[in-house]
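Take a look at the letters that make up each chain.
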Amino acid sequence: MRQAAFKLATALTFCSGIFFISNAQVQPINVVTTAVPFLRISPDARSGGMGDVGLATTPDASSVFWNLGKVAFNESNGGIVATYTPWLKDLVNDVYLASLAGYYKFDENQAVSGSLRYFSLGNIQFTDNLGNDFGSFRPREFSIDFGYSRKLSDKAGIGVGLKYINSNLAGGVSVGSTTYKAGNSVAGDIAFYYDGKNQQGDGWAFGAAMTNLGSKINYTTNASQKDFIPANLGLGTTYTKNFNEQNRIQLGLDINKLLVPTPPAEGDQAALDAYRSKSVVGSWFSSFGDAPGGFSEELREFQVSLGAEYWYNNQFALRAGYFYEDKTKGNRRYFTAGVGIKYNVFGLNFSYLVPTGNGVNRNPLSNTLRFSVVFDLDGSDNAESN
């Protein structure tokens with residue numbers, strides 16, 4: 001059975017983290033694809049307004065999503081952030097990503113954290129190629145994370161995390177002898193953070209994170225049909241300058257690379273069989289040298305984020321950024337803008353993706369306003385002391 005609705009659900013899922021591309025390309029398109037790409041959607045509006053920069057930005061409650069090594073460097077003893085992101089807003093009104101994260105510091109040197117991401121693809125009617133009705137279902141995916149972070153010194157810190165991933169796209173629909181089931185995976189994160197700023201808060205910070213390091217995911221009863229999850233290596237840096245007590249600016253750069261095998265050239269069955277049989281750990285290392293086009297193609301698999309953030313009186317923020325991905329590897333290129341408001345225990349962050357492209361090149365987040373609500377668990381105490 002060829003289920004049009006199931007294809008739609010799968011297409012929407014892959015669009016959730018990857019691409020809308022056109023056929024009018026000079027170079028061959030060879031996009032690195034994975035299951036559960038919702039894990040690659042920017043989960044907070046602050047980084048969303050900075051071109052998805054987040055590995056070395058000033059620590060906050062959303063550090064749980066980007067770099068667990070930053071969490072212990074939060075000034076507050078605890079914090080919570082909730083974010084809502086409409087998806088494909090120009091086409092549908094019931095597809096969205098919601099996330100929730102929080103942390104708690106035991107002391108000045110260590111902290112625990114947790115987060116939840118939930119991606120809903122709305123209600124979909126299942127049919128076969130003849131139009132026979134197989135009922136409706138609401139495909140959905142989620143992940144639950146737990147992390148531990150610790151300072152190694154006043155400047156450096158590390159973090160480790162464990163996550164459970166669930167992806168239910170077909171709701172148990174059977175096609176002949178094959179039954180589509182919910183996919184499950186377990187993965188880990190490891191991260192490092194270095195804060196090189198001086199006592200005035202000026203200087204560089206650096207971050208590195210390897211995320212989603214886990215098992216393949218399987219959607220059928222056939223154990224050989226497994227898909228890679230989006231294991232990722234991220235490197236980032238920021239530079240902060242405090243002009244005076246009221247004005248501060250931070251500039252950031254993130255570079256990301258999927259630790260997932262590059263699909264082989266079409267028609268090469270031997271290479272395709274080798275691709276499917278690659279081990280998870282082996283693929284992390286081979287992903288730096290397995291592109292059919294050689295080193296030049298490997299370089300095109302790196303994604304670059306640039307971002308800037310300006311704060312006035314530590315209460316009002318303006319943000320801007322740019323995200324770049326090669327046209328043969330997904331063609332996501334967009335500008336972002338955002339604002340932030342913080343007062344006492346409460347904060348709001350908004351981000352907007354500037355519309356780019358048209359038709360199949362349209363970004364799913366075009367014309368979409370994302371927002372995060374932030375709670376500083378001891379912000380009132382900090383305000384009184386200030």
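Throughout what follows, the structure given in this document is the object of discussion. Treat the numbers as computed from the prediction; the structure is a model and nothing was measured.

**Here we look at the overall build of the chain**
- Along the backbone of the chain there are seven helices and 20 strands.
- Per-residue burial over the chain gives 51% buried out of 386 residues.
- In the chain, once contacts between residues fewer than 6 apart in sequence are set aside, the share between residues at least 24 apart is 61%.
- Working note: accessible area of the chain is about 17,500 Å², and carbon and sulfur atoms make up 59% of it.

**As for the packing of aromatic side chains**
- Scanning all chains against the criterion turns up 12 aromatic pairs.
- Between the aromatic rings of Tyr 96 and Tyr 118, the centroid separation amounts to 6.3 Å while the plane-to-plane angle is 40°, which identifies the pairing as tilted. Of this pair, Tyr 96 sits in strand S2 (residues 96–105) while Tyr 118 sits in strand S3 (residues 110–120), and the two are 22 residues apart along the sequence.
- Here the aromatic residues Tyr 84, Tyr 96, Tyr 118 and Phe 371 are joined through ring pairs into a cluster of three or more.
- A cation over an aromatic ring shows up here: Lys 342 above the ring of Trp 311, its NZ or CZ 5.0 Å from the ring centre.

**Re the nonpolar core**
- Ranked by size, the top nonpolar core spans 17 residues in total, and within it Val 36, Phe 38 and Phe 119 carry the most contacts.
- With 13 residues, the next largest nonpolar core counts Leu 55, Ala 61, Val 64 and Val 71 among its residues.

**What about the environment of Ala 35?**
- Positionally, Ala 35 belongs in the loop between helix H1 (4–15) and helix H2 (45–48).
- Through-space distance from the C-alpha of Ala 35 to that of Asn 218 is 9.3 Å; in sequence the pair is 183 residues apart.
- Apart from residues lying up to four places away in sequence, Ala 35 is in contact with Ile 217, Tyr 219, Asp 227, Phe 228, Ile 229 and Pro 230.

**Things to note about a nonpolar patch on the surface**
- Among the surface-exposed residues, Ile 80, Leu 100, Leu 116, Ile 144, Phe 146, Leu 162, Tyr 164, Val 186, Val 345, Phe 346, Phe 375 and Leu 377 lie close enough to one another that they form a single nonpolar patch of about 1,000 Å² accessible area.
- Elements with a minimum of two residues in the nonpolar patch: strand S6 (140–151) and strand S7 (156–168).
- Mapped onto the elements of the fold, Phe 146 is located in strand S6.

**Looking at unusual backbone geometry**
- Residue Val 36 is not a glycine yet carries a positive backbone phi of 40°.
- With respect to the helices, strands and loops of the structure, Val 36 is situated in the loop between H1 and H2.
- Taking relative accessible area as the criterion, Val 36 reaches 0% and is therefore assigned buried.

**So, the pattern of salt bridges**
- For the structure shown, the criterion picks out 14 salt bridges.
- With a shortest N-O distance of 3.8 Å, Asp 202 and Lys 241 are connected by a salt bridge. Placement of Asp 202 in the loop between strand S10 (183–195) and strand S11 (203–214) and of Lys 241 in strand S14 (residues 232–242) is noted, with a sequence separation of 39 residues between them.
- On the basis of relative accessibility, which here comes to 15%, the residue Asp 202 falls in the buried class.
- As a salt-bridge pair, Lys 278 and Asp 290 come within 3.1 Å of each other at their nearest N and O atoms. Placement of the pair is Lys 278 in the loop between helix H4 (269–277) and helix H5 (280–286) and Asp 290 in the loop between H5 and helix H6 (295–300), with a sequence separation of 12 residues.
- Residue Lys 278 is classed as partly exposed on the basis of its relative accessible area of 25%.
- The network of salt bridges with shared partners includes Lys 257, Glu 297, Glu 298, Glu 301 and Lys 329.

Calculation criteria
Residues numbered from 1 in each chain as written. Predicted model: local features only at pLDDT ≥ 70, side-chain atom pairs only at ≥ 80, totals over all residues. Heavy atoms only, no water. Helix = DSSP H or I, 4+ residues; strand = E, 2+ residues; numbered from the N terminus. Buried < 20%, exposed > 50% of the residue type's maximum accessible area, 1.4 Å probe, protein only. Contact = heavy atoms within 4.5 Å. Areas by Shrake-Rupley, 256 points an atom, 1.4 Å probe, with all protein chains shown as cover. Phe/Tyr/Trp six-rings, centres within 6.5 Å; stacked < 30°, edge-to-face > 60°. Lys NZ or Arg CZ within 6 Å of the ring centre and 35° of its normal. Core = buried A, V, L, I, M, F, W, Y, C linked by side-chain atoms within 4.5 Å. Patch = residues over 30% accessible without salt bridge, like charges linked within 9 Å, V, L, I, M, F, W, Y side chains within 5 Å. Salt bridge = Lys/Arg side-chain N within 4 Å of Asp/Glu carboxyl O.

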